[in-house]
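Summary of structural features
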Amino acid sequence: LDIPGYLSHGTTDPDGIGTVCDAAGVRHINIDLPGRNAPSVISDNYQGAYELANAVYDRIEADTGETAPWVPFIGGRASDHATARRIEGFCNATRDRGMTLSPEQIEASGYAPEVAEATIRKLYETRGALPRGLFINSTIAFEGVIRFFRTRPRDELRTIIVGCYDWDPFATLVDFPLIMVRQDVETLVNSAFALIDAGDFTGRDPILIKTHLIVDA
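Here's a quick rundown of the structure. (Residues numbered from 1 in each chain as written. Predicted model: local features only at pLDDT ≥ 70, side-chain atom pairs only at ≥ 80, totals over all residues. Heavy atoms only, no water.)

Considering the packing of helix H2 (residues 45-64) against helix H3 (residues 81-96)
Note the threshold: Each axis is a line fitted through C-alpha atoms, and for a helix only the stretch in contact is used; angles between axes span 0 to 180 degrees, taken between their N-to-C directions. The numbering of helices and of strands both runs from the N terminus, where a helix is a DSSP run of H or I of at least 4 residues and a strand a run of E of at least 2. Oblique is the label for every angle not falling under 35 degrees (roughly parallel), over 145 degrees (roughly antiparallel), or within 65 to 115 degrees (roughly perpendicular). Left-handed is the label given to a crossing in which the near helix is rotated counterclockwise from the far helix by less than a right angle, and right-handed is the label when the rotation is clockwise. Note on contacts: a residue pair qualifies if any of its non-hydrogen atoms lie within 4.5 Å across the two residues. Polar here means any residue other than Ala, Val, Leu, Ile, Met, Phe, Trp, Tyr, Cys and Pro, which are nonpolar, and Asp, Glu, Lys and Arg, which are charged; Gly is therefore polar.
Orientation of H2 relative to H3, taken along the N-to-C sense of each, is 40°, at an axis distance of 7 Å. In this view, H2 runs oblique relative to H3, as classed from their interaxial angle. Regarding H2 and H3, the two cross each other, and that crossing is right-handed. Listed contacts from H3 to Asn45, Tyr46, Ala49, Tyr50, Ala53, Asn54 and Tyr57 of H2 are Ala82, Arg85, Arg86, Glu88, Gly89, Phe90, Asn92, Ala93, Thr94 and Asp96. Across the contact of H2 with H3, the residue classes tally to eight nonpolar, five polar and four charged.

This is the structure we're talking about:
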């Protein structure tokens, strides 16, 4: 096949696709999720999560004076590379502030909105109130959390600081404090095409692209 390069984006099994490409003689690059048999260009999930967690904690402390709030991580699958790195960033940010982590703080049971909705509802029923803050793994999980939030009074929602990894412009419509991580999609894509233009398909260490915080997105 006369194809200069193939971009594999966000696939759950990038190496499986890579095996097919190798058999067909097609050079390929992974975007968003890394593989082991081709170059990968991905967001720095650890950096983004670490900064987001600290931003949530800083906002809680500024608003309430509380220095050790209980903040759960919701969404994603711990076996996925992106979620695993975000959990690591969240956990390290928490520990670096002198706080301990409880097992029930990490609720990485799936990406579906229904899972996130059930998770936040269970946390609410167990604790009898919303937590002081939330770290949400993706905008898909954020959708589920919003579904539950619709069942609560608006005044109650204004007591929680929400952090979400990834960004959606419609988030500007919410009326509670929100901090989001915006991935630099343009740089991700440009970096991948730069590798194709250079004919460089040899690297195996992922190229990490910095993310950006959007406060009160």
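Following the structure, the description resumes.
Section: H3
Since the α-helix packs 3.6 residues into each turn, any two residues three or four apart lie on the same face. Here is the rule: Residue count minus one, scaled by 1.5 Å, sets the expected span of a helix. Partly exposed residues are those whose accessible area sits between 20% and 50% of the maximum for their type, while under 20% is buried and over 50% is exposed, using a 1.4 Å probe and protein chains only.
With 16 residues, H3 extends 22 Å from end C-alpha to end C-alpha; this agrees with the ideal 22 Å at 1.5 Å per step. Turning to H3, its buried residues are Ala82, Thr83, Arg86, Ile87, Gly89, Phe90, Cys91, Ala93 and Thr94. For H3, the secondary structure elements touched by its buried residues are H2, strand S4 (73-74), strand S5 (76-77), strand S6 (106-107), strand S8 (133-136) and strand S9 (161-165). Two residues or fewer after H3 comes glycine 98, characterised by a positive phi angle close to 85°.

Quick word on the pattern of salt bridges
One side chain can pair with another of opposite charge once the charged atoms of both are near each other. In plain terms, the rule: By definition here, a salt bridge exists when the distance from a side-chain nitrogen of Lys or Arg to a carboxyl oxygen of Asp or Glu is within 4 Å.
Within this structure, the stated rule accounts for 17 salt bridges. Of the charged contacts, one joins arginine 85 and glutamate 88 as a salt bridge, the two residues approaching to 2.5 Å between their closest N and O atoms. Highlighted residues: arginine 85 and glutamate 88, both in helix H3, separated by three residues, approximately one helical turn. Classification of glutamate 88 by relative accessible area gives partly exposed; the value is 35%. Measuring nitrogen to oxygen at the nearest pair gives 3.5 Å for the salt bridge that ties aspartate 175 to arginine 154. Taken together, the residues aspartate 175 in the loop between S9 and strand S10 (178-182) and arginine 154 in helix H6 (residues 154-157) connect sequence positions 21 residues apart. Residue arginine 154 is classed as exposed on the basis of its relative accessible area of 58%. The structure contains a network of salt bridges with shared partners spanning Glu114, Glu117, Arg121, Glu143 and Arg147.

Notes on the packing of aromatic side chains
This is how the line gets drawn: Under the pairing criterion, centres of Phe, Tyr and Trp rings, with the six-membered ring standing for Trp, must be within 6.5 Å; the plane angle then separates stacked pairs below 30 degrees from edge-to-face pairs above 60, leaving the rest tilted. Only when the NZ of Lys or the CZ of Arg is both within 6 Å of the ring centre and within 35 degrees of the ring normal is a charge said to sit over the ring.
All told, the structure shown has six aromatic pairs when counted by the stated rule. Ring centres of phenylalanine 149 and phenylalanine 176 lie 5.3 Å apart, and the angle between their planes is 90°; this geometry places the pair in the edge-to-face category. Note that phenylalanine 149 is positioned in helix H5 (residues 139-149) and phenylalanine 176 in the loop between S9 and S10, a separation of 27 residues in sequence. When its relative accessible area of 7% is taken as the criterion, phenylalanine 176 is described as buried. A network of ring pairs unites the aromatic residues Phe73, Phe90 and Phe135 as a single cluster. Positioned above the aromatic ring of tryptophan 167 is the side chain of arginine 182, whose terminal nitrogen or guanidinium carbon lies 3.9 Å from the ring centre.

Some thoughts on the environment of phenylalanine 149
For phenylalanine 149, a relative accessible area of 2% translates into the label buried. Taking the C-alpha atoms as reference points, phenylalanine 149 and threonine 12, separated by 137 residues in sequence, lie 30 Å from one another. Other than its neighbours up to four places away in sequence, phenylalanine 149 contacts Leu130, Leu134, Leu157, Ile160, Val162 and Phe176.

Without other data, these values stay purely geometric and don't point to any function.
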